[in-house]
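Read off the chains here:
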Amino acid sequence: MAGDSETHLEDRGEKTNVIRQPFLIGVSGGTASGKSSVCEKIMELLGQNKIDHHQRQVAILSQDSFYKVLTPEQKAKAQKGQFNFDHPDAFDNELIMKTLWQILQGKTVQIPVYDFVTHSRKDEFITVYPADVVLFEGILMFYSQEIRDVFQMKLFVDTDPDTRLSRRVLRDISERGRELEQVLTQYITFVKPAFEEFCLPVSNPAYQIFIIVSNGIRCMVAINLIVQNIQDILNGGLSKRHNGCLNGHSTPRQRRTSESSSRPH
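Rules behind the numbers
- Residues numbered from 1 in each chain as written.
- Predicted model: local features only at pLDDT ≥ 70, side-chain atom pairs only at ≥ 80, totals over all residues.
- Heavy atoms only, no water.
- UniProt positions renumbered as here; feature names shortened; annotations may be inferred.
- Axes fitted to C-alpha atoms, helices over the stretch in contact; angles between N-to-C directions.
- Helix = DSSP H or I, 4+ residues; strand = E, 2+ residues; numbered from the N terminus.
- Parallel < 35°, antiparallel > 145°, perpendicular 65-115°, else oblique.
- Left-handed = near helix turned anticlockwise from the far one by under 90°.
- Contact = heavy atoms within 4.5 Å.
- Nonpolar A, V, L, I, M, F, W, Y, C, P; charged D, E, K, R; others polar.
- Expected span 1.5 Å × (residues − 1).
- Buried < 20%, exposed > 50% of the residue type's maximum accessible area, 1.4 Å probe, protein only.
- Arc of directions from axis to C-beta.
- Core = buried A, V, L, I, M, F, W, Y, C linked by side-chain atoms within 4.5 Å.

As annotated in an unreviewed UniProt entry, the protein carries the name uridine/cytidine kinase and comes from Cynoglossus semilaevis. Under the UniProt heading Sequence similarities (unreviewed entry), the entry covering the protein gives this text: "Belongs to the uridine kinase family." UniProt, in the comment section headed Function (unreviewed entry), describes the protein in these words: "Phosphorylates uridine and cytidine to uridine monophosphate and cytidine monophosphate. Does not phosphorylate deoxyribonucleosides or purine ribonucleosides. Can use ATP or GTP as a phosphate donor."

Written out as structure tokens, the structure is:
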């Protein structure tokens, strides 16, 4: 597998050959910024979406799968749109780290399935098999330093806030059975403030976020650059961790001043 270190692994009591750790790519960005779409486009361009899950060299995980199990009181608030799902405390970071280390050890992992309609984990799991490259997307993937430091490449999907809000409204109404007033209230009360406090501040060079995909899936230049580097990894051409740039190039980010404006989005 691709990566910069090797380890001896044991699975089900049987020793395996010496393999390299998978290359972990974190993908962050605001709500409905296009993180999942970017990851899916990368998979498509690599031809991985046409391959059986057992044989794929690239896998995708979502932070949304790792929401904490709510107490009855918290679930009651969630049903009324009064629970903050965009706060770092809403995620089970302990389980995320455990999953990441299992992935780095080349193990098959079981990922929880979260039901956004009932605000609870389902009694089922998604199996993710060992892969050479793993894309892990989520709004707060880079907030925790412990989690952030595990990623060898960090991407931030930067999309206009008005576009993100319109996408979220349509998604929550059509897919999650929410009322428009509840969606807007939740956005203004929790989503936007949490984005500005926890998500946006870590999207800068100080945290080695060196690829910015502006306007999500429409920015094919950045996506193609990422795909080429992943292809190099899969082909064994990228033998060590890159910090700060891809092949010596980075895509600069222009901070959107409207994101921190007091004008409601």
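Next, the rest of the story.
Draft legend 1. Layout of the packing of helix α1 (residues 35–45) against helix α7 (residues 220–234). Here α1 crosses α7 at 55°, and the two axes come no closer than 10 Å. In terms of axis orientation, α1 runs oblique to α7. For the pair α1 and α7, the crossing hand works out as right-handed. Packed against α1, whose contacting residues are Val38, Lys41, Ile42 and Leu45, the element α7 presents Met220, Ile223, Asn224, Ile226, Val227 and Ile230 at the interface. Classifying every residue of the contact of α1 with α7 gives eight nonpolar, one polar and one charged.

Draft legend 2. Examining α7 more closely. For α7, with 15 residues, the first-to-last C-alpha span of 20 Å sits near the 21 Å given by 1.5 Å per residue. The set of residues buried in α7 consists of Ala222, Ile223, Ile226, Val227, Asn229, Ile230, Ile233 and Leu234. One side of α7 holds all its buried residues, which, seen down the axis, span an arc of 165°. Against the buried residues of α7 lie β5 (23–29), α1, β6 (58–62), β9 (133–137), β10 (153–158) and β11 (211–214). Of the residues trailing α7, Gly236 is marked for its positive phi of about 80°.

Draft legend 3. View of the nonpolar core. Within the largest apolar cluster, 39 residues are counted, with the highest numbers of intra-cluster contacts made by Leu24, Leu100, Phe136 and Phe151. The set of elements that each furnish at least two residues to this core consists of β6, α3 (93–104), β7 (109–115), β9 and α6 (180–199). Sorting elements by how many residues they give to this core places α3 first, with five residues. When residues no more than four places from it in sequence are discounted, the contact partners of Phe151 are Leu24, Ile25, Gly26, Leu100, Phe136, Met141 and Phe142.

Draft legend 4. Quick peek at the environment of Val134. As for its placement among the helices and strands, Val134 is situated in strand β9. Given the relative accessible area of 4%, Val134 is considered buried. Sequence separation between Val134 and Gly26 is 108 residues, and the spatial gap between their C-alpha atoms is 8.4 Å. Discounting residues that sit within four places of it in the chain, Val134 has contacts with Phe23, Leu24, Ile25, Ala59, Leu61 and Ile103.

Draft legend 5. Expanded view of unusual backbone geometry. Within the chain, Ala32 stands out as a residue other than glycine whose phi angle is a positive 55°. Within the fold, Ala32 resides in the loop between β5 and α1. Not every positive phi belongs to a glycine, and His119 is a case in point at roughly 60°. Within the secondary structure, His119 sits in the loop between β7 and β8 (120–128).

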